[in-house]
Each structure stands twice: as C-alpha cells, then as structure tokens.
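Residues per chain are reported as follows:
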Amino acid sequence: MSALKAPLLPLLREIYPDARYGDGDPKLIVTFKGPEGVGDLRVWDDGDEATVAIGTLTHTHLTGYDSHPHDPGVPEGEVVERVTEEVLKFLEDFFAERIVVWKESNDRVVTLGPIEAMPEPAADGSLVCYTWKGRRRPEAK
C-alpha cells in the first residue's frame with residue numbers, strides 16, 4: 001500500500017462507510033456514487049498527490065499545498081499528512097455543496113471552485129452549474 005493510501009483509507013472508511021473502496025485498481029482509493037449529470041467521484045493515489053475525478057466533468061490534483069507543486073525539501077511523511085488533510089477537506093466541502101463545478105457549453109471550459117465564485121448561469125443554458133446533488137442552475141429541462 002502506498003504512503004498516501006495507508007493513512008487515508010482508514011479515515012475514509014470511518015467517515016464514509018458506504019463508499020466503494022478499491023474496485024481492483026491499486027491506485028483507486030475510493031468511489032462515491034454520484035448523481036445523474038455529475039457522475040461518480042473518484043479519488044486516486046498518484047504517489048505524492050491525490051487526483052479527484054468528478055465524473056466526466058473535471059478533475060483536480062490535491063498536493064497538500066493548495067494544489068501547487070510541493071517543495072521537494074519537505075519530508076514525505078509531512079506531504080502525505082498534508083495531502084490526506086486536503087482530500088478530507090475537499091470531500092467535506094464538495095458533499096456540503098460549498099464547491100461547485102460550472103461548465104460553459106460553447107467552448108467546453110469547466111471550472112471547479114467555491115460556490116461564492118460561481119457565476120450567474122445564462123438563461124440560454126450556455127453555462128451550467130453542478131454540485132454533488134446534481135445540476136444546480138439553470139434547472140435541467
């Protein structure tokens with residue numbers, strides 16, 4: 001088991017006992033069944049960072065340094081601790097709908113950010129917003 005997966009897996013199992021773990025892929029840590037329009041959320045172990053995939057909408061890299069590359073001088077144990085904390089915080093915020101995904105359909109730009117930064121969706125549907133509970137605005141037709 002990798003340095004990241006070892007401390008993260010027991011914490012996730014405790015907090016999210018109903019999630020799916022592993023699915024036979026050694027790099028996949030956990031899968032959360034997502035709503036229609038969003039898809040499953042998956043957390044991958046990529047060594048010194050975690051990758052979180054939000055269905056087919058987008059993904060993000062959690063490095064333990066607010067998603068900036070980590071300082072190579074920091075000991076591995078500290079990096080693992082920081083990434084573990086960042087993954088847990090991201091999941092908490094995403095499931096609480098404090099993080100949203102918005103998609104501009106015209107040029108396929110997808111942005112992941114805090115709900116406060118979410119732009120007002122266009123009435124024509126060219127900008128669509130999603131939270132963990134599904135499509136937020138404009139409402140699906």
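Source: prediction; values computed, not measured.

How each quantity is defined
- Residues numbered from 1 in each chain as written.
- Predicted model: local features only at pLDDT ≥ 70, side-chain atom pairs only at ≥ 80, totals over all residues.
- Heavy atoms only, no water.
- Phe/Tyr/Trp six-rings, centres within 6.5 Å; stacked < 30°, edge-to-face > 60°.
- Helix = DSSP H or I, 4+ residues; strand = E, 2+ residues; numbered from the N terminus.
- Buried < 20%, exposed > 50% of the residue type's maximum accessible area, 1.4 Å probe, protein only.
- Salt bridge = Lys/Arg side-chain N within 4 Å of Asp/Glu carboxyl O.
- Pairing = 2+ DSSP bridges.
- Contact = heavy atoms within 4.5 Å.
- Axes fitted to C-alpha atoms, helices over the stretch in contact; angles between N-to-C directions.
- pLDDT = per-residue confidence, 0-100.
- Expected span 1.5 Å × (residues − 1).
- Core = buried A, V, L, I, M, F, W, Y, C linked by side-chain atoms within 4.5 Å.

K.L.:
Quick question: what am I supposed to make of the packing of aromatic side chains here?
P.N.:
Where two aromatic rings form a pair, the distance of their centres and the angle of their planes describe that pair. Under the defined criterion, the tally for this structure stands at 6 aromatic pairs. Ring plane angle 10° and centroid distance 5.8 Å describe the contact between Phe 90 and Phe 94, whose orientation is recorded as stacked. In this pair, Phe 90 and Phe 94 are both assigned in helix H2 (residues 76-95), 4 residues apart and thus about one turn of the helix distant. Of the two residues, Phe 90 and Phe 94, neither departs from the other in class, the shared state being buried. In textbook terms, an aromatic cluster arises when at least three aromatic residues are bridged by ring pairs, as seen for Tyr 16, Phe 32, Phe 90, Phe 94, Phe 95 and Trp 132.

K.L.:
What's the story with the pattern of salt bridges in this structure? I'm lost.
P.N.:
Any two side chains of opposite charge can pair, given that their charged atoms come close. Scanning the model with the defined rule gives 8 salt bridges in all. The shortest N-O distance in the salt bridge between Arg 98 and Asp 93 comes to 2.8 Å. One continuous salt-bridge network, built from bridges that share partners, spans Lys 89, Glu 92, Asp 93 and Arg 98.

K.L.:
Hey, could you run me through the sheet that holds strand S4 (residues 50-54) in this one?
P.N.:
Sheets are built from strands that pair by backbone hydrogen bonding, the pairs being arranged parallel or antiparallel. The strand order across the open sheet built from 5 strands is S1-S2-S3-S4-S5, with neighbouring strands paired in antiparallel fashion. With partners counted over all chains shown, the strands left at the sheet margins are strand S1 (20-21) and strand S5 (58-62), one partner each. Relative to S4, strand S3 (residues 41-45) runs antiparallel, the two being bridged by 5 bridges. Paired with Trp 44 across the strands is Thr 51, a residue of S4. Along the sheet, helix H1 (residues 5-15) contacts S1, strand S2 (28-32) and S3; its crossing angle with S2, the most-contacted strand, is approximately 25°.

K.L.:
Where do I start with unusual backbone geometry in this structure?
P.N.:
In most cases, non-glycine residues show a negative phi, while peptide bonds are predominantly trans. Positive phi values are uncommon outside glycine, yet Glu 97 reaches one of about 65°. Residue placement: Glu 97 occurs in the loop between H2 and strand S6 (99-104).

K.L.:
I tried to follow the confidence of the model for the protein on my own but got confused; where do I start?
P.N.:
If pLDDT is low for a region, its predicted coordinates should not be looked at in detail. On average, residues of the protein score 84 in pLDDT, and 91% of them are at 70 or above. The secondary structure element of the protein with the lowest average pLDDT is strand S9 (residues 134-137), at 74, and the one with the highest is S2, at 95.

K.L.:
Before we go on, may I ask you to explain H2 in this structure?
P.N.:
Each α-helix winds once per 3.6 residues, and so residues spaced three or four apart point in a common direction. For H2, built from 20 residues, the straight-helix expectation of 28 Å at 1.5 Å per residue is met to within 8% by its first-to-last C-alpha distance of 28 Å. Listed as buried for H2 are Val 79, Val 80, Val 83, Thr 84, Glu 86, Val 87, Phe 90, Leu 91, Asp 93, Phe 94 and Phe 95. Phi turns positive, to about 65°, at Glu 97, one or two residues after H2.

K.L.:
Where do I start with the nonpolar core in this structure?
P.N.:
Inside soluble globular proteins, nonpolar side chains tend to come together where they are buried. Counting residues in each nonpolar core, the largest one holds 33 residues, and the members touching the most others are Phe 32, Leu 41, Val 43, Ile 54, Phe 90, Leu 91 and Phe 94. Those elements giving two or more residues to this core turn out to be H1, S2, S3, S4, H2, S6 and strand S8 (127-131). Take this core: its biggest share by element is 8 residues, from H2. The residues touching Leu 91, leaving out its near neighbours within four places in the chain, are Leu 12, Tyr 16, Phe 32, Leu 41 and Val 43. If you look at the next biggest cluster of nonpolar residues, it comprises 5 residues, including Trp 102, Met 118, Leu 127 and Cys 129.

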